[in-house]
Amino acid sequence: MSIQPFVTPRPIIAAPMAGGPTTVRLATAVAEAGGFPFLAGGYKTAEALHQEIEQIRATGAPFGVNIFTPGDQTVDTAAFTAYASELAPDAARHGVQLSREPVADDDHWHEKIALLTTHPVPVVSFTFGLPPATDMAALRRAGTYVVITVTTPDEAHAAAEHGADGLIVQGEAAGGHSATFDPTRIPASVDLPTLITSIQSITELPLIAAGGLDGATAVRAVLDAGAIAAAVGTLLLRTDEAGTSPVHRAALAAPNFDHTVLTRAFTGRPARALANDFIAQHDAHAPAAYPAVHHLTRSLRQAAAQAHDPHRVHLWAGTGYRNAPTGPAADVIRTLYPLPTDQQLSR
């Protein structure tokens, strides 16, 4: 397959942000500004995802869909139970009672694959590992371009051998979940252009750079390193069209949230967030048990968000979060990759 799905006026991709921030409005705005948007399929039923797909398909815009690859859901029950006990006071603070039984969940995998093979979309990307080869083959037969998110050269090699059409190369500075295949591994700190270069040396697949891209200079650096496009997420969190919660929006601009960290505290899988009290108190004890820990803390996080308590909410953010502006998403896309027509329109 060619890289045609990503040939848009601007080589800027709106990264999928599951859990609310990515909306059809946001995806449409990015596409109208000349970028390429992804819908976030994570944490949605196939039916809900189908509705979003049909809404954006009706606009005629190019787009992709991201889904989570189920992984090994083996849980150390003793560690999980101990963690649930540790979180009980936080839960009680918001009138929530946590279940001490680990929840297994494939995020409606089979239903989503069935949806995407019977109602094909231009691009499907996978996060958290290699999908079954049979599912990849079915998507490709349906005419879909298949992309796998990787975080190391070894993962890139495995994805290329597995039959990926392209790779999203995610650096450790990315906000939200790391796409690492191994949830027990904390991603190493590697400069994103350097990571792009090292992966480009082992595969000829098209590469999309993601993670910590905080402006036009950072975008130009990864394009110069060989990426065909740059994916941004955190820079869109405060835009008008994003579905980011009020407590999350406020924290991104609050002076007391002054740095990000990688943590398993909220979900059991490494993710970059604004450092808050919950992480400080619990990160050291969080088991590597995704999605069991995600389900354990979910009701607490929802209650905290409703109560505008930023210290018990997962405030996902990449390292460039201070550059995330308010206003239309289109302005972000245009600023990241200006075109001569932008100057003409501004006259």
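Here the structure is shown first, and the text comes after it.
First, a word on scope: everything that follows refers to the structure included in this document. Everything quoted here is computed from the prediction, not taken from an experiment.

## Quick notes on the overall build of the protein
Within the protein, the secondary structure is distributed over 13 helices and 11 strands. Against the 2.2 N^0.38 benchmark of 20 Å for 347 residues, the protein shows a C-alpha radius of gyration of 19 Å, consistent with a compact globule. With the C-alpha coordinates aligned to their principal axes, the bounding extent of the protein is approximately 55 × 50 × 40 Å. In the protein, buried positions account for 55% of the 347 residues. When contacts within the protein are restricted to residue pairs at least 6 apart in sequence, long-range pairs at least 24 apart make up 68% of them. Surface exposure of the protein reaches about 14100 Å², of which carbon and sulfur atoms provide 52%. Taken as two groups, the 22 positive and 32 negative side-chain charges of the protein have centres that lie 6 Å from each other.

## A look at unusual backbone geometry
In this model, tyrosine 290 is joined to proline 291 through a cis peptide bond whose omega is 5 degrees. Among the secondary structure elements, proline 291 is positioned in the loop between helix H10 (277–282) and helix H11 (292–306). In this structure, histidine 308 is a non-glycine residue whose phi angle is positive, near 55 degrees. In this fold, histidine 308 is placed in the loop between H11 and helix H12 (329–336). Overall, histidine 308 belongs to the exposed group, its relative accessible area being 51%.

## Brief notes about helix H3 (residues 77–93)
Relative to the 24 Å expected for 17 residues at 1.5 Å per residue, H3 spans 25 Å between its end C-alpha atoms, a close match to the ideal helical length. Of all the bends in H3, the greatest, near 40 degrees, is centred on leucine 87, and the proline proline 89 appears no more than four residues after it. Along H3, the residues classified as buried are Phe80, Tyr83, Ala84, Leu87, Asp90 and Ala91. Put simply, aspartate 76 is the residue that caps the front of H3, since its side-chain oxygen is 3.2 Å from the backbone nitrogen of alanine 78.

## Regarding the pairing of strand E2 (residues 36–40)
The buried count for E2 comes to 5 of 5 residues, which makes it a mostly enclosed element. Neither face of E2 is exposed, since Phe36, Phe38 and Ala40 on one face and Pro37 and Leu39 on the opposite face are all buried. Pairing between strand E1 (residues 12–14) and E2: 2 bridges, direction parallel. Bridging from a neighbouring strand, alanine 14 pairs with proline 37 of E2. Sheet topology note: the E2/strand E3 (residues 64–68) ladder contains 3 bridges and is parallel. Looking at E3, one finds that alanine 40 is bridged to asparagine 66.

## Here's the deal with the packing of helix H1 (residues 24–32) against helix H2 (residues 46–57)
Contact geometry for H1 and H2: axes closest at 10 Å, N-to-C directions at 30 degrees. Classed by the angle they form, the pair H1 and H2 counts as roughly parallel. H1 and H2 meet at a crossing whose hand is right-handed. Contact residues: H1 offers Val24, Ala27 and Thr28, while H2 offers Glu52, Gln55 and Ile56.

Rules of the game
Residues numbered from 1 in each chain as written. Predicted model: local features only at pLDDT ≥ 70, side-chain atom pairs only at ≥ 80, totals over all residues. Heavy atoms only, no water. Helix = DSSP H or I, 4+ residues; strand = E, 2+ residues; numbered from the N terminus. Rg over C-alpha atoms; globule rule 2.2 N^0.38 Å. Buried < 20%, exposed > 50% of the residue type's maximum accessible area, 1.4 Å probe, protein only. Contact = heavy atoms within 4.5 Å. Areas by Shrake-Rupley, 256 points an atom, 1.4 Å probe, with all protein chains shown as cover. Lys, Arg positive; Asp, Glu negative; His and termini not counted. Charge placed at Lys NZ, Arg CZ, Asp CG, Glu CD. Expected span 1.5 Å × (residues − 1). Bend = angle between axes of the 7 residues up to and from the residue. Polar contact = N/O pair within 3.5 Å; in protein donor to acceptor, adjacent residues only side chain to side chain. Pairing = 2+ DSSP bridges. Axes fitted to C-alpha atoms, helices over the stretch in contact; angles between N-to-C directions. Parallel < 35°, antiparallel > 145°, perpendicular 65-115°, else oblique. Left-handed = near helix turned anticlockwise from the far one by under 90°.

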